[in-house]
Amino acid sequence: MTLARFVRKNAFRNKRRTLLTMLSIAFPLLLLSFLMSIWRAFYGDDLRSEQSNQRLITRHKVSLTNLIPSSYRDKIRHIPGVTRALPMNWFGGVYKDAKPENFFARFGTDPDEFFDVYTELSIPKDQGEAWKKDRAGCIADAELAKKYGWKIGDRIVLTGDIYPITLELTLRGLFTAQIPNNSLYFNEKYVEEGVPFAKGVAGFYAILVDSPQNVNRVSHDIDAAFANAPEPTRTETEKAFGLSFLAMLGNIKAFILIISSAAVFTILLVTGNTMAMSIRERTREVAVLKTLGFTRGTILGLFVGEAVAIAAVGGVLGTLIALLFLSGGTHAPQGANLFVIALREWKFTAPAAWGVAILAGFLSSAIPAYGASRTGIVDGLRHIG
Amino acid sequence: MSHVPFVIAILILVLALVVWICWEIVRFIRFGVPFSYNVRNMILRKRLTLMTALGIALTVTTTVFLMMLLAGMRKAFVSSGDPLNVLVLRKGSTSELTGGFTKDKMPILRQLPGIATDSHGQPMVSGEWVVVVVLPHRDGTGEVNVTLRGMEQDGLELRNKKAKLVEGSWFASGQREVVVSRSIHDRFSHTNVGDMIDFGKGAWKVTGIFDGGGSAYDSEIWTDINQVANQFNRQGAVGNAYLRATDALAADSLKHRVADDQQLQLDGMLETEYYDKQTANGGGIRLMGFIVGLTMAIGSIFAAANTMYAAVAYRSREIATLRVMGFRRGSIVTSFIFESMLLALLGAAIGIVLMLPFNGMSTSTSNQVTFSEVEFSMRITLQVVITAVVFAVAMGLIGGVAPAWGAARREILAALRD
């Protein structure tokens with residue numbers, strides 16, 4: 001009988017206990033792997049597009065709700081390193097009704113330069129041209145269009161809340177991206193013509209910089225240019241801009257950290273508990289093993305190996321359920337995008353979770369296993385379990 | 001609603017469980033295995049007991065943590081409104097920040113019936129502008145958006161139940177003066193009474209500090225409406241208006257009267273309703289809390305079941321002896337379920353104690369409508385404690401049923417021979 005087989009036999013001698021232990025490890029690990037994937041989706045940058053590193057967002061220094069003058073566009077364009085400055089106006093508004101499943105991002109922008117700045121979005125050339133020609137036209141993410149069953153030529157009506165205007169848009173094109181952005185874009189002129197206070201202002205500017213090396217300098221130059229203007233600006237990278245929205249929800253990093261550490265401690269306790277129980281039961285067997293000539297080290301290894309094996313199986317099980325959850329999340333009415341990214345991150349976080357499981361199995365079994373390996377043969381044989 | 005039958009099914013299940021438990025308790029008191037039997041057993045195997053209880057405790061802490069956040073957040077938003085204050089916004093606008101209507105509508109609003117009179121005998125109405133300003137953090141860690149509210153003197157009067165002056169005096173109309181909330185005073189520099197604070201086009205004099213009692217006002221700076229209008233080029237209009245109704249009935253009719261008037265093109269809502277909508281932000285945390293709590297609970301149920309199976313296995317001869325002495329199967333089942341629940345209760349107690357230091361810890365979130373910071377503190381409320389205990393006991397109950405059943409089912413002779 002090989003040692004591995006011995007470990008396997010021992011692990012399954014009490015099938016119910018082993019199964020329960022595996023399951024009670026699997027669930028905290030499910031949480032851990034799930035949360036780590038979400039964390040990476042939020043804060044990791046592996047999956048952000050190449051172009052994203054070359055983009056800056058300039059907005060009003062006070063807040064996004066303060067608009068900045070359109071005259072800034074030309075000034076920004078003349079700052080060395082800037083290749084494009086694209087106005088973006090958050091429209092808000094209501095599509096059909098105020099239910100969350102009918103909410104998606106809608107921006108007014110400049111169709112002529114839009115695809116020069118957002119190069120990772122691809123659209124058939126004729127559709128892009130059609131959008132440029134129609135002032136009341138719009139383009140949408142292909143995934144978004146699929147969700148609402150839109151086809152090119154369909155009429156999309158948006159009722160304004162920030163802007164007192166009802167937009168009657170015609171869908172002129174569908175764009176695709178590696179990670180769908182679930183947004184709709186229309187010509188900013190439409191709102192400007194209908195709403196006096198929207199004229200001559202922009203919500204924020206998406207700025208394309210010629211090379212990633214110049215991003216920091218350009219960002220400073222832009223803010224410096226408007227530092228003493230009546231409407232000062234704040235320029236940051238697209239990533240920082242995205243994270244600032246996340247920061248509004250509260251201290252997400254701390255939430256995830258606290259919950260994850262609770263999950264890890266739970267795993268430690270559960271495996272420790274089980275191993276302590278099963279080792280105590282086998283005190284006499286240990287003495288017999290020793291009489292047969294097994295060394296302390298081997299006995300220690302047998303128990304630790306058993307705990308590690310059980311924890312690892314639990315870990316794999318947990319991460320698999322997490323995978324299921326994450327793929328389920330991609331169909332969520334809101335925040336599906338996050339899950340799409342998180343799902344891709346899973347292949348990095350799952351091995352990490354397995355590592356945690358194995359480590360927990362090792363740490364939690366080390367003490368009881370060490371105790372068992374030290375028990376004297378005579379004491380062990382006398383033990384009544 | 002598609003989940004109604006589901007809810008009813010669960011309710012029936014819970015009801016059946018409660019009836020059964022009550023029945024068992026009655027039987028337990030009359031013929032049951034003594035309670036001390038379980039307690040002594042738990043003490044005898046204290047390491048196992050403690051470790052399982054700790055596992056449950058950790059599950060409870062995560063749930064309690066998220067519930068404390070929710071409780072604090074709810075307080076910050078919901079307690080802000082006064083049901084007698086009617087908020088008037090431009091039609092279509094969803095927040096105080098995106099509003100704005102011409103000043104000539106104010107006299108019409110003032111003449112609506114059902115408005116309370118202020119200390120000067122005039123209708124208690126306040127035209128207001130809410131804007132966002134940037135203040136640097138006291139510790140130098142970046143800048144934060146803070147809400148600046150410009151109001152008429154009546155604005156102070158219709159909020160006098162929620163906001164109390166704790167130091168200095170209220171701002172005077174027509175002056176560049178502000179009052180700050182205590183929480184702003186704690187977090188930002190230059191906010192002592194008499195200090196000059198810089199935002200907008202220059203410095204403002206701080207004349208007082210007020211306490212918003214944990215409401216959203218606690219994250220605001222207040223000043224005179226005309227000062228805000230001048231500062232942000234918004235003369236000739238007001239952002240929104242507040243009307244103080246004489247009673248709840250009048251508030252309701254005021255709200256409808258404003259909304260139904262075709263010429264005004266305005267919308268009315270109770271201030272409480274307005275803040276209610278803004279807690280939508282908490283929905284995400286609630287969902288996350290639910291998922292996290294449930295996942296950890298399932299894990300803990302398996303762990304508790306494991307411990308109870310072990311407890312039962314150790315005591316199989318004892319159990320057989322109890323049966324020989326005449327205790328019935330039902331009594332044995334109840335006894336072990338009680339033991340499991342007791343274990344969970346211990347876990348809940350440890351969990352709540354572990355979370356006590358977090359009580360009152362303040363954190364912030366952003367108001368998603370105004371993009372400005374809302375400060376709130378985590379709170380252990382009675383509701384949080386009760387939920388945690390019920391949650392833990394349910395875990396113990398579910399985890400304990402199968403092992404207890406297994407214990408009672410064994411043949412006496414076979415168990416005695418073990």
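As the structure is a computational prediction, the values presented were derived from the model and not from experiment.

Chemist: Requested: an account of the overall build of chain B, with residues and values cited.
Modeler: Helix and strand content of chain B: 14 helices and 14 strands. The C-alpha atoms of chain B give 30 Å as radius of gyration, which overshoots the globular expectation for 418 residues (22 Å, by more than 25%). Each principal axis of the C-alpha atoms in chain B carries an extent, and together these give about 95 × 50 × 35 Å. A separation threshold of at least 6 residues defines the contact pool for chain B, and within that pool the share at least 24 residues apart is 81%.

Chemist: So what's going on with the domain arrangement of chain A? Residues and values would help.
Modeler: Residues and elements named next belong to chain A. For chain A, the assigned domains read domain 1 (3–46 + 250–382) and domain 2 (62–231). Computed from C-alpha coordinates alone, the two centres of domain 1 and domain 2 are separated by 48 Å. Listed by partner, the interface residues are five residues for domain 1 and five residues for domain 2. Across the side of domain 1 that touches domain 2, the residue classes tally to three nonpolar, two polar and no charged.

Chemist: Give a description of the packing of helix α2 (residues 15–43) of chain A against helix α12 (residues 296–329) of chain A that names residues and reports values.
Modeler: Residue and element names in this part refer to chain A. Their axes nearest at 6 Å, the elements α2 and α12 cross at an angle of 45 degrees. In terms of orientation, α2 lies oblique with respect to α12. Every pair of crossing elements has a handedness; the one defined by α2 and α12 is right-handed. Between α2 and α12, the contacting residues are T18, T21, M22, I25, A26, F27, L29, L30, S33, F34 and S37 on the first element and I310, A311, V313, G314, G315, L317, G318, T319, I321, A322, F325 and L326 on the second. A breakdown of the residues in the contact of α2 with α12 according to their chemical character gives 15 nonpolar, eight polar and no charged.

Chemist: Please set out the nonpolar core residue by residue, giving values where relevant.
Modeler: One finds L31 of chain A together with L243 of chain B to be the most contacted residues of the largest nonpolar core, which totals 164 residues. Leave out the neighbours within four places in its chain, and L31 of chain A touches I259 and A263 of chain A together with V292, T295 and M296 of chain B. Of all hydrophobic cores here, the second largest spans 45 residues; its members include W131, I139, A145 and I222 of chain A.

Chemist: So what about the packing of helix α10 (residues 252–281) of chain A against α12 of chain A? Which residues, and what values?
Modeler: Residue and element names in this part refer to chain A. Interaxial distance between α10 and α12 falls to 11 Å at its minimum, and their mutual angle equals 140 degrees. Here α12 runs oblique to α10, going by the angle between their axes. The two elements α10 and α12 meet at a crossing, and its hand is right-handed. Residues T271, M275 and I279 of α10 lie in contact with α12, whose contacting residues are F303, A307 and A311. Residues that form the contact of α10 with α12 fall into these classes: five nonpolar, one polar and no charged.

Chemist: Could you give an account of helix α13 (residues 382–409) of chain B, naming the residues involved and the relevant values?
Modeler: Side chains of residues three or four places apart in an α-helix project in the same direction, reflecting 3.6 residues per turn. Residue and element names in this part refer to chain B. The terminal C-alpha atoms of α13 lie 40 Å apart, and with 28 residues this matches the ideal 40 Å at 1.5 Å per residue to within 8%. Along α13, the sharpest kink reaches roughly 35 degrees, centred on G400 and followed within four residues by the proline P403. Those residues of α13 that sit buried are V384, A388, F391, A392, M395, G396, G399, G400, P403, A404, A407 and A408.

Chemist: So what's going on with the sheet that holds strand β8 (residues 166–175) of chain A? Residues and values would help.
Modeler: Residues and elements named next belong to chain A. Spatially, ten strands are ordered β4-β7-β8-β6-β9-β5-β3-β11-β1-β12 in an open sheet, and the strand pairing comes out mixed. Two strands lie at the open edges of the sheet, namely β4 (94–95) and β12 (233–237), each paired on one side alone. Pairing of strand β7 (residues 155–159) with β8, which is carried by five bridges, proceeds in the antiparallel orientation. Its bridge partner being in β8, V157 is matched across the sheet by E168. Those strands touched by helix α5 (residues 125–133) are β6 (137–141) and β8, and its axis lies near 160 degrees from that of β8.

Chemist: Any chance you could break down the confidence of the model for chain B for me, citing the residues and the numbers?
Modeler: Residue and element names in this part refer to chain B. Across chain B, pLDDT averages 82, with 90% of residues at or above 70. Taking the mean pLDDT of every element in chain B, the minimum, 66, falls on strand β13 (residues 362–366) and the maximum, 93, on strand β6 (residues 177–181). Model confidence for the complex: the whole-complex pTM is 0.71, and ipTM, which rates the interface, is 0.71.

Chemist: Give a detailed account of the interface of chain A and chain B, specifying residues and quantitative values.
Modeler: In this complex, chain A contributes 35 residues to the contact, which on the side of chain B involves 38 residues. Per element, the largest residue contribution to the side of chain A that touches chain B is twelve residues, and it comes from α10 of chain A.

Chemist: Break down unusual backbone geometry for me, citing the residues and quoting the values.
Modeler: Even without glycine at this site, N182 of chain A takes up a positive phi of about 50 degrees. The class for N182 of chain A is buried, based on 21 C-beta atoms found within 10 Å. Positive phi values are uncommon outside glycine, yet H190 of chain B reaches one of about 60 degrees. Tracing the sequence through the fold places H190 of chain B in the loop between α6 (182–187) and β7 (196–199).

Chemist: Just give me the short version of the pairing of strand β9 (residues 183–187) of chain A, but keep the residues and values in it.
Modeler: Residues and elements named next belong to chain A. Within β9, four of the five residues are buried, which leaves the element mostly enclosed by the surrounding structure. By the bridge criterion, five bridges tie strand β5 (residues 105–109) to β9 in an arrangement that is parallel. Counted as the bridge partner of F107 is Y185 from β9. Sheet analysis places β6 next to β9, joined by three bridges and oriented antiparallel. Pairing of I139 across the sheet is with Y185, part of β9.

Reading the values: rules and limits
- For every chain, the first residue of the written sequence is number 1, and numbering continues from 1 onward in sequence order.
- Think of it this way: whatever chain is written first is A, whatever ligand is written first is 1, and the rest follow in order.
- Local features in this predicted model are restricted to residues whose pLDDT is 70 or higher, and side-chain atom pairs enter the listing and the counts only when it is 80 or higher, whereas totals over whole chains, interfaces and linings include all residues.
- Helix numbers and strand numbers start at the N terminus; a helix is a DSSP run of H or I with at least 4 residues, a strand a run of E with at least 2.
- We take the radius of gyration over the C-alpha atoms and set the globule estimate at 2.2 Å times the residue count to the 0.38 power.
- Residue pairs are scored as contacts if the distance between their C-beta atoms, which are placed from the backbone, is within 7 Å.
- Boundary definitions for the domains trace back to an automatic or database domain assignment.
- Classes in brief: Ala, Val, Leu, Ile, Met, Phe, Trp, Tyr, Cys and Pro nonpolar; Asp, Glu, Lys and Arg charged; the others, Gly included, polar.
- Lines fitted to C-alpha atoms define the axes here, with helix axes fitted over just the stretch in contact, and angles between the N-to-C directions of these axes take values from 0 to 180 degrees.
- In this scheme, roughly parallel covers angles under 35 degrees and roughly antiparallel covers those over 145, while 65 to 115 is roughly perpendicular and the rest are oblique.
- Handedness of a crossing follows from how the near helix is turned relative to the far one, being left-handed for an anticlockwise turn of less than a right angle and right-handed for a clockwise one.
- Put simply, a nonpolar core is a cluster of buried Ala, Val, Leu, Ile, Met, Phe, Trp, Tyr and Cys residues tied together by C-beta atoms within 7 Å.
- In this scheme the burial state of a residue depends on its C-beta neighbours within 10 Å: 20 or more other such atoms mean buried, 12 or fewer mean exposed, and anything in between means partly exposed; the C-beta positions come from the backbone.
- A helix's residues, less one, multiplied by 1.5 Å, set its expected span.
- A residue's bend is simply the angle between two axes: one fitted to the seven residues ending at it, one to the seven starting at it.
- One requirement defines pairing of two strands: DSSP has to find at least two bridges between them.
- What pLDDT reports is the predictor's confidence in each residue, on a scale of 0 through 100.

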